[in-house]
Amino acid sequence: LMQSLMARYFQKEGFRVISASNGEKGLELAEQHKPDLITLDIMMPGKNGWMVLTALKDNPLLASIPVVVVSSVGNHRFVHAMGADDYVSKPIDWDVLGKTVNRLSSVHRKSGALR
């Protein structure tokens, strides 16, 4: 349910959304599409968010992609220490999420990291 709410929100904001139902699929899609930004929950079937975040940051082709952890687990300090670029807690404040994603995606674009 949350995944579909987030997808609708981002589509309405003009983003192209690619969703994954689990961590393994998320990593596979990240490698295929090299997205501008990744939102990541911690509680997922299969590989949890920490495992996915570690795999993303360990992959030289994906490490520069900004990752926003959107979860009820963790806090800003911990997710930054784990390699995420930002953290938005659940229940989601949509305004905060939108500003966070826009800020990180614009920084990513300016860095020339977009493909």
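Residues numbered from 1 in each chain as written. Predicted model: local features only at pLDDT ≥ 70, side-chain atom pairs only at ≥ 80, totals over all residues. Heavy atoms only, no water.

Let's talk about the nonpolar core
Core analysis: the largest hydrophobic core is formed by 16 residues, its most contacted members being Ile-38, Leu-40, Leu-53, Leu-56, Val-67, Val-69 and Val-79. Every element with two or more residues in this core is listed here: helix H2 (23-33), strand S1 (38-40), helix H3 (49-58) and strand S2 (67-71). Ranked by the residues each element gives to this core, the list is headed by H3, at 4 residues. Setting aside residues no more than four positions away along its own chain, Val-67 makes contact with Ile-38, Leu-40, Leu-53, Leu-56, Lys-57, Ala-84, Asp-85 and Asp-86. Residues Tyr-9, Val-68, Leu-97 and Leu-104 belong to the second largest nonpolar core, which totals 11 residues. (Core = buried A, V, L, I, M, F, W, Y, C linked by side-chain atoms within 4.5 Å. Buried < 20%, exposed > 50% of the residue type's maximum accessible area, 1.4 Å probe, protein only. Helix = DSSP H or I, 4+ residues; strand = E, 2+ residues; numbered from the N terminus. Contact = heavy atoms within 4.5 Å.)

Quick word on the environment of Tyr-87
Assignment of secondary structure puts Tyr-87 in strand S3 (residues 86-89). Tyr-87 sits 11 residues away from His-76 along the chain, and the two C-alpha atoms are 5.5 Å apart. Setting aside residues up to four positions removed in sequence, Tyr-87 forms contacts with Val-69, Ser-71, Ser-72, Val-73, Gly-74, Asn-75, His-76 and Val-79. At 3.1 Å, the side chain of Tyr-87 forms a polar contact with the backbone oxygen of Ser-71. (Polar contact = N/O pair within 3.5 Å; in protein donor to acceptor, adjacent residues only side chain to side chain.)

A few points about unusual backbone geometry
At the junction of Lys-90 and Pro-91, the peptide bond is cis and its omega measures out at -5° in the coordinates. Its location among the elements puts Pro-91 in the loop between S3 and helix H5 (94-110). With phi around 45°, Lys-34 is a residue other than glycine that occupies positive phi space.

Digging into the pattern of salt bridges
Applying the stated rule across the entire model yields 5 salt bridges. Residue Asp-86 pairs with Arg-103 through a salt bridge whose shortest N-O separation is 2.4 Å. Taken together, the positions of Asp-86 in strand S3 and Arg-103 in helix H5 put the pair 17 residues apart, joining distant regions of the chain. Between Asp-95 and Lys-99 there is a salt bridge; the shortest N-O distance is 3.2 Å. Note that Asp-95 and Lys-99 are positioned in helix H5 at a spacing of 4 residues, about one turn of the helix. Accessibility expressed as a relative area gives 46% for Asp-95, which makes it partly exposed. (Salt bridge = Lys/Arg side-chain N within 4 Å of Asp/Glu carboxyl O.)

Remarks on the packing of aromatic side chains
Under the counting rule described, the total for this entry stands at 4 aromatic pairs. Here Tyr-9 and Phe-10 contribute two aromatic rings whose centre-to-centre distance is 5.2 Å and whose plane-to-plane angle is 70°, an arrangement assigned as edge-to-face. For the residue pair Tyr-9 and Phe-10, the accessibility class agrees, reading buried in each case. Ring geometry for Phe-10 against Phe-15: centres 5.6 Å apart, planes inclined by 85°, an arrangement best described as edge-to-face. Residue Phe-10 is classed as buried on the basis of its relative accessible area, which comes to 7%. Since its relative accessible area comes to 24%, Phe-15 is described here as partly exposed. Each residue in the set Tyr-9, Phe-10, Phe-15 and Trp-94 is aromatic and connected to the rest through ring pairs, giving one cluster. (Phe/Tyr/Trp six-rings, centres within 6.5 Å; stacked < 30°, edge-to-face > 60°.)

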